[in-house]
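# Breakdown of the fold
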Amino acid sequence: MQENKTQAPIRVAVEEREAWSARRKAIGKGLRRLWRRHPLMFVGIFIMLCMAAMAIFAPLLFTADPLKVDPPNRLLTPSADHWFGTDFVGRDVWSRAIYGARISLAVGAAVGSISAILAALIGLFAGYWRPFDNVIMRVMDGIMSIPDILLAIALVSIVGGSIQNVIFALTFVVTPRAVRVVRSQVLSLKEAVYVEAARSIGAKMPRIVFIHIFPGTIASVIVIATIIGASAIVVEAVLSFLGAGTPPEIPSWGTMMAEGRRTISQAMWVVGFPGMFLTLTVLSVNIIGDNLRDILDPKLRRSG
Amino acid sequence: MQRYILQRVLASIPVLFVVVVIIFGLLHIAGGDPAAIIAGKDAPQWQIEAIRHELGLDRPLYAQLGLYLKNLIKGDLGKSINSKIPVIHLIKQRLVPTLSLAVMVELLTLPIAIPLGVIAAWKANTWIDRSIMVFASLGFSVPVFFLGFILIWVFALQLSWFPAAGYVPPTEDVGRYLHRLVLPGLSTAILFWAFLTRMTRATMIEVLREDYIRTARSKGLGERSVLVRHALKNAALPIATVVGWGIAELLAGLVVTEQVFAVPGVGRLIVDSIVRRDYPVIQGAMILVSLVQVFMNLVVDLSYALFDPRIKY
């Protein structure tokens, strides 16, 4: 008796440890397989993490006040004092670029996630209730027919340039595309045998839609959210570049490049570094999206 | 078949209507009071009222929309607030540079993108395919305006092969006209190149799995003949779709290119009008570009029905 009492906790601990190490092994195996099949995925995640770290730790990483104007030191070449040089009024390009990362990533993440949630709701609604489908999809088709960039510029010029408004405008512009994807998934899932089975045992509408159909759309919603996030980052930069985006006093990559273009013949670095960051960020999101699509949703592979 | 065409044409009418309503509504919210802008800063109230009446702005919104739609069907998009020139004339003036750029982009894209896509599909999952795809991802991710700057810096400022910006009408000097279109064309073409290469590869991979390709190979045809005459021919339709889609998308995408390279096209007209708050011009140009998009979608859909005998309606 005495023995058993002392051994029971030990046995539990041993079992727990074994379970843990088994799980660790399984995770390790999964990661190794991922590494073998989708090596680029890790490159994408690595770049993304670097950019995110830069954005989050910008207050620790900056070397000069990103807003401080210093005309005597204008257009300095990159050096130990100014890693990325200075712009046409002597502001430090490195410090501005890492603060700019905050805008781009915030806009990309916000637009990607908000439009994914909206698209899931609208798509489920339109796909399941036929009467609404026609009306909703014509409106979505209408919005999609207006070129992205033009609609975004027009919206921002109406609501005024602030980060929240840019996020709102971009979400409005890109959501219809995601709605289309979700809706087409709902339309096919609706006919699936297991949904018919649920219906035949008397499941009610909300249960069918949210418990049975919704999970089937999650994979494509995640994939579309990354693709939308990437294009939101580009369009935000384009808006700021055209002077119709975030307010010019906040450093963002698009604004920096618009300002840098005047001095491009003397100082390519003012345009080059923010442009490089922008390209790397978009590239990493695209790589992650591509690989996620292959992993999560082989059916979507055809579309591009 | 004829019924399908009719159906498809009719189905695009509500879309057009939604487009006009959205743009009209948005710009109405944004517009402030065009009458006050036209009358000038110190105009007396009665003068503003008179202009409002003249423009029909004192009528209810739905009546204004109805009037706008009626004029739109007649091809009248209203007049610019700034220059008083009819919007349709302003757009016509800017059409040649934009269309030239669009054609230049397609000329630079097609002869490269399609062969590369075919090769990538043929050598699928080898290092050749992977490196083509890496370049395509890169082309997909470089923003057009950043690429434009790189091209300006390398080819205009360092090598002086091309001018950095500007436009020469073809009526003035054809050689210089073409010369100036190369850099802007190239900076936009990369995006389409990336897209078209990926599409061509995806379609070709699917076609190459078909039985008739195996038959063609087993009867001893050369690879080139299999690829071009059997596979590419059947992959042509989806590829053509992308090209059609690209033309519509281009007209809007050129907004950025025209800004970077100072080309006086439709995109620049729209951006300039937004800066000047010239709402009739913004409205007219946006509606027109959207109409082109709806029309191209229609053409693509119909061409599927016309050219693919397997699709029956």
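How each quantity is defined
- Residues numbered from 1 in each chain as written.
- Chains lettered and ligands numbered in written order.
- Predicted model: local features only at pLDDT ≥ 70, side-chain atom pairs only at ≥ 80, totals over all residues.
- Helix = DSSP H or I, 4+ residues; strand = E, 2+ residues; numbered from the N terminus.
- Buried ≥ 20, exposed ≤ 12 C-beta atoms within 10 Å, placed from the backbone.
- Contact = placed C-beta atoms within 7 Å.
- Core = buried A, V, L, I, M, F, W, Y, C linked by C-beta atoms within 7 Å.
- Nonpolar A, V, L, I, M, F, W, Y, C, P; charged D, E, K, R; others polar.
- Domains from an automatic or database assignment.

This part takes up the overall build of chain B. Scanning chain B from terminus to terminus reveals twelve helices and zero strands. Traced from its N-terminal end to its C-terminal end, chain B shows the element sequence α-α-α-α-α-α-α-α-α-α-α-α. Structurally, chain B occupies a C-alpha span of about 85 × 60 × 35 Å along its principal axes. Counting only residues that meet the buried cut, chain B has 37% of its 313 residues in that class. Taking the intrachain contacts of chain B between residues at least 6 apart in sequence as the baseline, contacts between residues at least 24 apart amount to 72%.

Grouped together as the largest cluster of nonpolar side chains are 151 residues, with contacts concentrated most on Leu150, Ala152, Ile153, Leu170 and Val238 of chain A together with Ile270 and Met286 of chain B. A total of 17 residues in this core trace back to one element, the largest contributor, which is helix α9 (residues 205-241) of chain A.

Facing the 36 residues of chain A at the interface are 37 residues of chain B. Mapped by element, the contributors of at least two residues to the side of chain A that touches chain B are α5 (130-145), α6 (148-159), α9 and α11 (268-296) of chain A. A total of nine residues in the side of chain A that touches chain B trace back to one element, the largest contributor, which is α11 of chain A. Here the side of chain A that touches chain B is composed, by residue class, of 24 nonpolar, eight polar and four charged.

Quick look at the domain arrangement of chain B now. Size of an interface, as often reported, equals the accessible area lost when the parts are brought together. Residue and element names in this part refer to chain B. Looking at the assigned domains, one finds that chain B contains domain 1 (2-73) and domain 2 (87-307). Here the C-alpha centre of domain 2 lies 33 Å away from the C-alpha centre of domain 1. Contact residues are listed per partner, giving 15 residues for domain 1 and 13 residues for domain 2. Those elements that place two or more of their residues in the side of domain 1 that touches domain 2 are α1 (2-30) and α2 (34-39). The element best represented in the side of domain 1 that touches domain 2 is α1, accounting for twelve residues. Within the side of domain 1 that touches domain 2, the residues separate by chemical class into twelve nonpolar, two polar and one charged.

All names here are of chain A. Among the secondary structure elements, leucine 189 is positioned in helix α7 (residues 163-190). Residue classification places leucine 189 among the buried residues on the basis of 21 C-beta atoms within 10 Å. C-alpha separation for the pair leucine 189 and leucine 239, spaced 50 residues apart in sequence, amounts to 38 Å. Here leucine 189 is in contact with Val195, Ile213 and Gly216, once residues within four sequence places are set aside.

Moving on to unusual backbone geometry. Residues and elements named next belong to chain B. Backbone geometry places lysine 84, a non-glycine residue, at a positive phi of 65°. By the element assignment, lysine 84 lies in the loop between α4 (61-73) and α5 (87-122). You will see that serine 160, though not glycine, has its phi angle at about 55°, which is positive. Mapped onto the elements, serine 160 comes out in the loop between α7 (144-158) and α8 (174-208).

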